[in-house]
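One-letter residues, chain by chain:
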Amino acid sequence: QVQLVESGGGLVQAGGSLRLSCAASTHSFSNYAMGWFRQAPGKEREFVASIKWSVGSFRYADPVKGRFTISRDNTKNTVYLQMNSLQPEDTAVYYCAAKQTWSGVEVPYEYNYWGQGTQVTVSS
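Residues numbered from 1 in each chain as written. Predicted model: local features only at pLDDT ≥ 70, side-chain atom pairs only at ≥ 80, totals over all residues. Heavy atoms only, no water.

> Just to check I follow, could you spell out the overall build of the protein for this structure?
Along its length, the protein carries zero helices and 11 strands. Since a compact globule built from 124 residues should have a radius of gyration of about 14 Å, the 14 Å found for the protein is in line with a globular shape. With the C-alpha coordinates aligned to their principal axes, the bounding extent of the protein is approximately 40 × 25 × 25 Å. In the protein, buried positions account for 44% of the 124 residues. Here the contacts in the protein between residues at least 6 apart in sequence split such that 59% fall between residues at least 24 apart. (Helix = DSSP H or I, 4+ residues; strand = E, 2+ residues; numbered from the N terminus. Rg over C-alpha atoms; globule rule 2.2 N^0.38 Å. Buried < 20%, exposed > 50% of the residue type's maximum accessible area, 1.4 Å probe, protein only. Contact = heavy atoms within 4.5 Å.)

Pasting the structure below:
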């Protein structure tokens, strides 16, 4: 089993930045691909970014390309999401997730473990 705990959410003005962190409780963190999803009230959960477990390999949703950066530190069992140039449309609960496979698509059911989420609110 893997436990995931997100932190770093909060209230920020449009154009500002936040860095989200996700700490994983596992003895084999480097064997998991990690992803970030977000969900606004009344909306479906939406893919944001993911990172492969070993070599550098990344995926980003089009709305966040050039603004968000995903990274991981396997020595600390932690994955990060640096969010710059935030806009009100980015307002959502952000979830950290882990999976044991690297498939061709990014959908919620591909991920085995989920954190509780952290709220990000961007004011105009």
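> Please explain the sheet that holds strand 7 (residues 68-73) as it appears in this structure.
Across a sheet, paired strands are connected by hydrogen bonds in the backbone, their directions being either parallel or antiparallel. One open sheet accounts for four strands, arranged 1-3-8-7; its pairing is antiparallel. Strand pairing shows two members of the sheet lacking a second neighbour, strand 1 (3-7) and strand 7, which therefore form its edges. Recorded for the sheet is a direction-independent mean angle of 15 degrees between the axes of neighbouring strands. (Pairing = 2+ DSSP bridges. Axes fitted to C-alpha atoms, helices over the stretch in contact; angles between N-to-C directions.)

> Mind showing me how you'd approach the pattern of salt bridges here?
Pairing between side chains of opposite charge can happen when their charged atoms approach one another. Following the criterion strictly, the structure yields six salt bridges and no others. Of the charged contacts, one joins Lys99 and Glu106 as a salt bridge, the two residues approaching to 3.4 Å between their closest N and O atoms. For the pair Lys99 and Glu106, one class covers both residues: buried. (Salt bridge = Lys/Arg side-chain N within 4 Å of Asp/Glu carboxyl O.)

> Sorry if this is basic, but what is going on with the side chain of Thr26 here?
Summarising the element assignment, Thr26 is placed in the loop between strand 3 (18-25) and strand 4 (33-39). Here the side chain of Thr26 touches Ser28 through a polar contact of 3.2 Å, landing on its backbone nitrogen. Leaving out residues up to four positions away in the same chain, Thr26 has contacts with Val2, Tyr32 and Asn77. (Polar contact = N/O pair within 3.5 Å; in protein donor to acceptor, adjacent residues only side chain to side chain.)

> What's the story with the side chain of Ser21 in this structure? I'm lost.
The topology assignment puts Ser21 in strand 3. If sequence neighbours within four positions are ignored, Ser21 has contacts with Val5, Glu6, Ser7, Trp36, Thr78, Val79 and Tyr80.

> Just checking my understanding: could you explain the environment of Leu4 for this structure?
Counting through the fold element by element, Leu4 comes out in strand 1. Sequence separation of Leu4 and Gly115 is 111 residues, and the distance between their C-alpha atoms is 4.6 Å. Not counting chain neighbours up to four residues away, the residues in contact with Leu4 comprise Cys22, Ala23, Ala24, Met34, Cys96, Ala97, Ala98, Tyr113, Trp114, Gly115 and Gln116.

> What is the right way to read the nonpolar core from this model?
When a protein is soluble and globular, its nonpolar side chains tend to lie buried together. Among the nonpolar cores identified, the biggest contains 28 residues, and Leu4, Met34, Trp36, Leu81, Met83 and Tyr94 are the most heavily contacted of them. Elements that contribute at least two residues to this core include exactly strand 3, strand 4, strand 5 (46-51), strand 7, strand 8 (78-83), strand 9 (92-99) and strand 11 (118-123). Once you skip the residues sitting within four places of it in the chain, Met83 turns out to touch Gly16, Ser17, Leu18, Leu20, Arg67, Phe68, Tyr94 and Val120. In this structure, Phe37, Phe47, Ala97 and Tyr111 belong to the second largest nonpolar core, which totals five residues. (Core = buried A, V, L, I, M, F, W, Y, C linked by side-chain atoms within 4.5 Å.)

Read these as spatial facts, not as claims about activity.
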